[in-house]
Amino acid sequence: MNQEFNPFMPGAGNKPPALVGREDIIESARMLFVRAKAKRNSKHIIISGLRGVGKTALLNHLKAVAGSAGCHAIKLEADPDRNILADIVRELRSLLLGLDPSGDEKGLLRRALSAVHNFSISVGLKGMSLAVNFTPVHGIADSGNMDSDLLDLFASAGEASDEYGRGIALLIDELQYVDDATLKALIYTLHHIQQEQLPVAFVGAGLRSIYGKLGKAKTYAERMFEFHELGPLTRDEAFAAIRIPFEQEGEAIDDAALEVIYRQTQGYPYYLQEWGYHTWIVADASPASSSDALEASKLALLTLDSGFFKVRTEKLSRREQEFLVAMAGMPSLPCRTSDISTALGKKSTSDISQLRNRLISSGVIYDPKYGELEFTVPLFGQYVLRTMAGS
């Protein structure tokens with residue numbers, strides 16, 4: 001088939017050629033954005049799931065949905081090595097400076113820019129040019145209390161945006177990397193946004209471990225959000241995710257090939273893109289066949305092993321690799337930490353606690369529940385057994 005028109009381009013956050021199986025979440029988010037613009041309270045949204053299930057691609061799509069629903073959309077990615085507050089301030093400042101000062105009849109824009117200026121000083125943000133061409137209003141976002149100052153920041157920005165007929169949608173990816181103090185302040189802010197019916201909406205996405213962090217930050221967090229957990233696509237959805245792009249390019253793929261791809265990928269969106277990409281390359285004629293899909297499977301696994309999987313293990317110590325091998329050899333996942341301890345011949349879980357914590361910090365595994373462990377990447381256990389067992 002013509003490689004210039006290969007519809008599949010796997011990559012981190014790349015929008016798939018056919019976004020299927022996420023319709024309910026997209027509609028829930030659209031309603032959230034519409035209600036936020038209309039200053040009607042609604043539950044904010046948390047999207048969770050393993051790596052490779054399409055959280056980032058979905059969040060990118062929701063950014064466009066927010067814009068169509070009448071909201072200024074701010075999409076950020078949390079990083080353990082970067083201050084998310086600096087990113088928030090920078091984006092809000094850019095948004096507010098893009099508004100027309102001549103329409104600021106109530107002084108709301110000046111108040112919001114003052115909040116940006118004051119907040120940046122209050123929480124000690126450095127390295128940004130936050131100067132404004134007027135004397136800032138005092139008494140807003142300058143108390144030194146992060147909870148109340150962050151609320152002031154978003155309340156004033158939302159009110160200013162509303163004066164220009166738009167709401168604000170904040171979307172944060174990799175939410176599990178937001179530090180505890182900032183997450184606490186963010187939840188406090190979102191809680192009061194709901195209560196005061198401010199024109200601000202929030203959608204966060206992250207690994208399943210975010211549930212525990214939310215509950216730890218604020219006890220009422222579970223009542224504030226609408227939770228959506230992304231998993232693998234169903235058989236019919238997976239078939240559609242491959243078939244539709246083929247058909248859009250005037251080509252076809254038979255059901256036997258789709259069955260092979262579904263069985264190999266277990267319906268995980270990122271892997272579907274890899275298998276679709278390689279099946280398109282392998283197939284000499286339309287429709288692509290099961291033999292094409294089987295050949296594509298070899299290429300897809302080689303690609304994953306040399307990149308997607310490998311980058312997560314390159315810097316691991318021998319002991320950390322042994323931990324992963326023991327975990328991958330468990331009858332089922334998630335598994336208990338005590339079972340891994342036993343498999344490694346340790347007397348107690350305390351003997352492997354440092355290994356466990358390092359692997360969690362590196363993003364290779366996570367703890368969905370207390371005392372349990374799971375790989376952050378689907379099918380990763382198979383890679384561990386292929387490449388590390390017996391080494």
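Keep in mind the model is a prediction, meaning the values are calculated, not measured.

**Points about the pairing of strand β8 (residues 372-375)**
Side chains Glu372 and Glu374 of β8 all project onto a buried face; the interleaved residues Leu373 and Phe375 project onto the opposite face, where all are buried too. In terms of strand pairing, strand β6 (residues 335-336) meets β8 through two bridges, oriented antiparallel. Looking at the pairing, Arg336 lines up with Glu372 of β8. Relative to β8, strand β7 (residues 365-366) runs antiparallel, the two being bridged by two bridges.

**Quick look at the packing of helix α4 (residues 108-122) against helix α5 (residues 146-163)**
One way to put it is that α4 packs onto α5 with a least axis distance of 8 Å and a crossing angle of 155 degrees. With respect to α5, the element α4 is oriented roughly antiparallel. Here α4 runs over α5; the crossing is left-handed. Of the residues in α5, those in contact with Leu108, Leu109, Arg111, Ala112, Ala115, Val116, Phe119 and Ser122 of α4 are Asp149, Leu150, Asp152, Leu153, Ser156, Ala157, Glu159, Ala160 and Glu163. Of the residues belonging to the contact of α4 with α5, the class tally is 10 nonpolar, two polar and five charged.

**Structural notes on the nonpolar core**
Ranked by internal contacts, the top residues of the largest apolar core, which has 75 residues, are Phe33, Ile47, Leu62 and Tyr271. For Tyr271, the residues in contact, after removing those within four places along its chain, are Thr265, Leu304, Phe308, Phe309, Val377, Pro378 and Leu379. Counting 51 residues, the second-largest nonpolar core is a separate cluster that includes Ile88, Val116, Ala141 and Ala157.

**Topic: the pattern of salt bridges**
The full count for this structure, using the stated rule, is 15 salt bridges. Note that Asp255 and Arg243 form a salt bridge whose closest N and O atoms lie 2.9 Å from each other. Of the two residues, Asp255 sits in helix α10 (residues 255-265) while Arg243 sits in helix α9 (residues 235-248), which places them 12 residues apart along the sequence. Given a relative accessible area of 25%, Arg243 falls into the partly exposed group. The salt bridge involving Arg386 is made with Asp305; its shortest N-O contact spans 2.6 Å.

**Comments concerning the sheet that holds strand β1 (residues 44-48)**
One open sheet holds the five strands; their spatial order is β2-β3-β4-β1-β5, and the pairing between them is parallel. Looking at which strands have only one partner, the edges of the open sheet turn out to be β2 (71-77) and β5 (225-229). Strand after strand, the sheet turns through a mean of 15 degrees between neighbouring axes, direction not considered. In the sheet, β1 pairs with β5 via five bridges, with the strands oriented parallel. Bridge pairing links Ile47 to His228 in β5.

**Details of empty space enclosed by the protein**
A full pass over the atoms with the stated rule returns one cavity of 30 Å³ or more. In this model, the largest cavity occupies a volume close to 50 Å³. In terms of lining residues, the largest cavity is bounded by Leu32, Arg35, Ala36, Arg40, Asn41, Ser42, His44, Ile193, Gln194, Gln197, Leu198 and Val200. Listing elements by their share of the lining of the largest cavity, those giving two or more residues are α1 (23-37) and α6 (180-196). Each residue belonging to the lining of the largest cavity can be placed in one class, and the counts come to five nonpolar, five polar and two charged.

**Looking at helix α11 (residues 269-282)**
For α11, spanning 14 residues, the distance from its first C-alpha to its last is 20 Å, which sits close to the expected 20 Å at 1.5 Å a residue. Of all the 14 residues making up α11, 12 are buried; the element is thus mostly covered by neighbouring parts of the structure. Burial in α11 covers these residues: Pro269, Tyr270, Tyr271, Leu272, Gln273, Glu274, Trp275, Gly276, His278, Thr279, Trp280 and Val282. Where α11 is buried, its residues touch α9, α10 and α12 (290-308).

Each value, and the rule that gives it
- Residues numbered from 1 in each chain as written.
- Predicted model: local features only at pLDDT ≥ 70, side-chain atom pairs only at ≥ 80, totals over all residues.
- Heavy atoms only, no water.
- Buried < 20%, exposed > 50% of the residue type's maximum accessible area, 1.4 Å probe, protein only.
- Helix = DSSP H or I, 4+ residues; strand = E, 2+ residues; numbered from the N terminus.
- Pairing = 2+ DSSP bridges.
- Axes fitted to C-alpha atoms, helices over the stretch in contact; angles between N-to-C directions.
- Parallel < 35°, antiparallel > 145°, perpendicular 65-115°, else oblique.
- Left-handed = near helix turned anticlockwise from the far one by under 90°.
- Contact = heavy atoms within 4.5 Å.
- Nonpolar A, V, L, I, M, F, W, Y, C, P; charged D, E, K, R; others polar.
- Core = buried A, V, L, I, M, F, W, Y, C linked by side-chain atoms within 4.5 Å.
- Salt bridge = Lys/Arg side-chain N within 4 Å of Asp/Glu carboxyl O.
- 1 Å grid on protein atoms, 1.4 Å probe; cavity = no way out; pocket = protein on both sides within 12 Å on 5 of 7 lines; lining within 4 Å.
- Points joined across faces, edges and corners; volume = space filled by probe spheres on them.
- Expected span 1.5 Å × (residues − 1).

Limitation: the analysis is restricted to geometry and does not speak to function.
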